[in-house]
Amino acid sequence: MTFRKASFIYSQELEKYNYPPDHPFNVDRARKVRQVLASMGLLSGDGRAEVAPTPAKRIVLKKFHSARYLHALQTASKGRWDAEALEMGVGTGDCPVFKGVYEYSVLACGATLTGAKLILTGSADVAFNPSGGFHHAGPEKASGFCYINDVALACIILAERKKRVLYLDLDVHYGDGVAEAFYDRSDVMTMSLHETPKVLFPGTGFEDQIGTGQGRGYCVNIPLPVGTYDQAYMKAFEEIALPLIGAYNGDVFVLQLGADALAGDPLAHLHLSNNVYADIINHLLRFNKPILATGGGGYNVDNTVRAWALDWAALCGVQTGQDANPTVAGVMLENTEWQGGLRDRFLAVSTQQQKTVMPAVEGTIQSLKAKLFPIHGL
Ligand SMILES: [Zn+2]
């Protein structure tokens, strides 16, 4: 395995904030991932380092967000918001106002941009910000628990430095904010695997949304049916995503690792084990390009923490097949059901699931091949 310099981006400053207690988004997941990795000795040695983020500057935020929106969010953060803010999604049930919402969002975004900077200067080959991945935020819109779109901004900054960016979004929800930002551009290819928008937020991300103008063929949506399991997911990844990633031949990967596609997530209906995430990361590493990875959704906290710890290990090239210390790791997460290292055990798939999921996925693969492959000479 090639030696890789890997930066884990985190600061205790992020622990000062949290969404309201009844909100599904749990900021504390990042701290827990850090804790698990530290106890396993996976944050140092062999080129690994922890890096503290700096908050994103306003001038940088304005490369994606409007001044009007940023002002409303900052004002709301201090406890004052009005109908205009609400109209931009700030103060809704999904995107509530909480104390320091602006400061948190700007620091979490800064963490992703710190990773982008480390990659641009060659200080890191892989960087992971578990506090990032706010892919639903729009230029003038808070949406789907997201206020500041760190991943879109990272793609913008990398593209400004003439990097061709491959954005891959594994969150169970369509990464609409990022896809829409680059819908007419070919220097950032956006690719999203997600549960079918027929049943899940944000209600877009169908396979016929492929980009427009210069960007036609550079937006790739792979919607998946309810109950999609590892084998079906990997088939879609290997038959659609992988050849397109190869044909596009980008300079850098930006990877959103939302863990809400895992089985048992309370907000979605896919049936994946975390092995899928590690397997995809291993595929990406073979391209030998820098990878900027972020967290995202993931509402079963224990499963999400374990998946992100596994993702970091995979990004660093640490093999975690059956060799992780199960007892120690099991105790750390206080999860009595799980005793098998960072990787999930095999998940059973019902006959009914096999009958419904695989034909639907195969249909989507055929339709995407027909739409996209000719554009990329495949
Ligand atoms: Zn999500």
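Structural data are supplied above this passage.
Notes on the structure in this doc start here. A quick note: this is a predicted structure, and the numbers were derived from the prediction, not measured. (Residues numbered from 1 in each chain as written. Predicted model: local features only at pLDDT ≥ 70, side-chain atom pairs only at ≥ 80, totals over all residues. Heavy atoms only, no water.)

1. Let's talk about the overall build of the chain
Phase 1: The helix and strand inventory of the chain stands at twelve helices and eight strands.
Phase 2: Taking 2.2 N^0.38 as the reference for a compact globule, 378 residues should give roughly 21 Å; the C-alpha atoms of the chain span a radius of gyration of 19 Å, in line with that estimate.
Phase 3: Within the chain, buried positions represent 60% of all 378 residues.
Phase 4: Here the contacts in the chain between residues at least 6 apart in sequence split such that 78% fall between residues at least 24 apart.
Phase 5: For the chain, the exposed surface amounts to about 14700 Å²; the carbon and sulfur share of it is 51%.
Phase 6: In the chain, which carries 34 positive and 38 negative side-chain charges, the distance between the mean positions of the two groups comes to 6 Å. (Helix = DSSP H or I, 4+ residues; strand = E, 2+ residues; numbered from the N terminus. Rg over C-alpha atoms; globule rule 2.2 N^0.38 Å. Buried < 20%, exposed > 50% of the residue type's maximum accessible area, 1.4 Å probe, protein only. Contact = heavy atoms within 4.5 Å. Areas by Shrake-Rupley, 256 points an atom, 1.4 Å probe, with all protein chains shown as cover. Lys, Arg positive; Asp, Glu negative; His and termini not counted. Charge placed at Lys NZ, Arg CZ, Asp CG, Glu CD.)

2. Some words on the side chain of glutamine 209
Phase 1: Along the polypeptide, glutamine 209 turns up in the loop between strand E5 (188-195) and strand E6 (219-224).
Phase 2: There is a polar contact of 2.7 Å between the side chain of glutamine 209 and the backbone nitrogen of glycine 205.
Phase 3: Ignoring sequence-local partners within four residues, the contact set of glutamine 209 consists of Tyr174, Tyr183, Thr204, Cys219 and Asn221. (Polar contact = N/O pair within 3.5 Å; in protein donor to acceptor, adjacent residues only side chain to side chain.)

3. Let's talk about helix H6 (residues 150-160)
Phase 1: Most of H6 sits inside the fold, with ten of its eleven residues counted as buried.
Phase 2: The set of residues buried in H6 consists of Asp150, Val151, Ala152, Leu153, Ala154, Cys155, Ile156, Ile157, Leu158 and Ala159.
Phase 3: Once H6 finishes, lysine 162 follows within two positions and takes phi at roughly 65°, a positive value.

4. Section: the pattern of salt bridges
Phase 1: Within the structure shown, the criterion is met by 13 salt bridges.
Phase 2: The residue glutamate 239 makes a salt bridge to lysine 235 at a minimum N-O spacing of 3.0 Å. Separated by four residues within a single helix, glutamate 239 and lysine 235 lie in helix H8 (residues 230-248), roughly one turn from each other.
Phase 3: Assessed through its relative accessible area of 25%, glutamate 239 is described here as partly exposed.
Phase 4: Overall, lysine 235 belongs to the partly exposed group, its relative accessible area being 23%.
Phase 5: Where aspartate 344 meets arginine 306, a salt bridge forms, and the shortest distance between an N and an O atom there is 2.7 Å. (Salt bridge = Lys/Arg side-chain N within 4 Å of Asp/Glu carboxyl O.)

5. Thoughts on the side chain of threonine 190
Phase 1: The topology assignment puts threonine 190 in strand E5.
Phase 2: With residues up to four places along the chain from it excluded, the contact list for threonine 190 reads Tyr167, Val178, Ala179, Phe182, Tyr218, Cys219 and Val220.

6. Describing the coordination of the zinc ion
Phase 1: Within the first shell, the zinc ion binds the protein through Asp171 (OD), His173 (ND1) and Asp260 (OD), at distances of 1.9 to 2.1 Å.
Phase 2: As a motif over one chain, the donors of the zinc ion read D-x1-H-x86-D.
Phase 3: Look at histidine 173 and you get buried, because its relative accessible area is 8%. (Donors = N, O, S within 2.8 Å, 3.2 Å for Na, K, Ca; no water.)

7. Observations regarding the nonpolar core
Phase 1: Ranked by internal contacts, the top residues of the largest apolar core, which has 135 residues, are Tyr104, Tyr147, Leu168 and Phe237.
Phase 2: The leading source of residues in this core is helix H5 (residues 101-120), at 13 residues.
Phase 3: When sequence neighbours within four positions are dropped, the list of residues in contact with leucine 168 reads Met191, Leu193, Phe237, Val254, Leu255, Gln256, Ile280 and Leu284. (Core = buried A, V, L, I, M, F, W, Y, C linked by side-chain atoms within 4.5 Å.)

8. Topic: the pairing of strand E3 (residues 126-129)
Phase 1: A two-sided burial pattern is seen for E3, the buried positions comprising Val126 and Phe128 on one face and Ala127 and Asn129 on the other.
Phase 2: As defined by bridge partners, strand E1 (residues 6-9) adjoins E3 across three bridges and the pair is classed as parallel. Considered in E3, the bridge of serine 7 is made with alanine 127.
Phase 3: Bridge count for E3 against strand E8 (residues 291-294) is four bridges, and the pairing is parallel. (Pairing = 2+ DSSP bridges.)

9. Some remarks on the packing of helix H9 (residues 275-285) against helix H10 (residues 301-315)
Phase 1: Viewed as axis vectors pointing N to C, H9 and H10 meet at an angle of 20°, and their least axial separation amounts to 9 Å. Considered as vectors, H9 and H10 are oriented roughly parallel to each other. H9 and H10 meet at a crossing whose hand is right-handed. Contact with H9, carried on its side by Tyr277, Ala278, Ile281, Asn282 and Leu285, involves Leu310, Asp311, Ala314 and Leu315 of H10 and no other residues of that element.
Phase 2: Residue classes in the contact of H9 with H10 are distributed as seven nonpolar, one polar and one charged. (Axes fitted to C-alpha atoms, helices over the stretch in contact; angles between N-to-C directions. Parallel < 35°, antiparallel > 145°, perpendicular 65-115°, else oblique. Left-handed = near helix turned anticlockwise from the far one by under 90°. Nonpolar A, V, L, I, M, F, W, Y, C, P; charged D, E, K, R; others polar.)

10. With respect to the packing of H5 against H6
Phase 1: Relative orientation of the contacting elements H5 and H6 amounts to 25°, with a least axis distance of 9 Å. Here H5 lies roughly parallel to H6, going by the angle between them. H6 is crossed by H5, and the crossing has right-handed handedness. Residues Cys109, Thr112, Leu113, Ala116 and Leu120 of H5 touch H6, and the partners they reach there are Asp150, Leu153, Ala154, Ile157 and Leu158.
Phase 2: Grouping the constituent residues of the contact of H5 with H6 by class yields eight nonpolar, one polar and one charged.

11. Observations regarding the state of the cysteines
Here, the word disulfide means a covalent bond between the sulfur atoms of two cysteines.
Phase 1: Enumeration over the complete set of coordinates arrives at zero disulfides.
Phase 2: Cysteine 155 supplies the cysteine sulfur nearest to cysteine 219, a cysteine that is in no disulfide, at a spacing of 12 Å.
Phase 3: Exposure remark for cysteine 219: the relative accessible area of 1% places this residue in the buried category. (Disulfide = S-S within 2.5 Å.)

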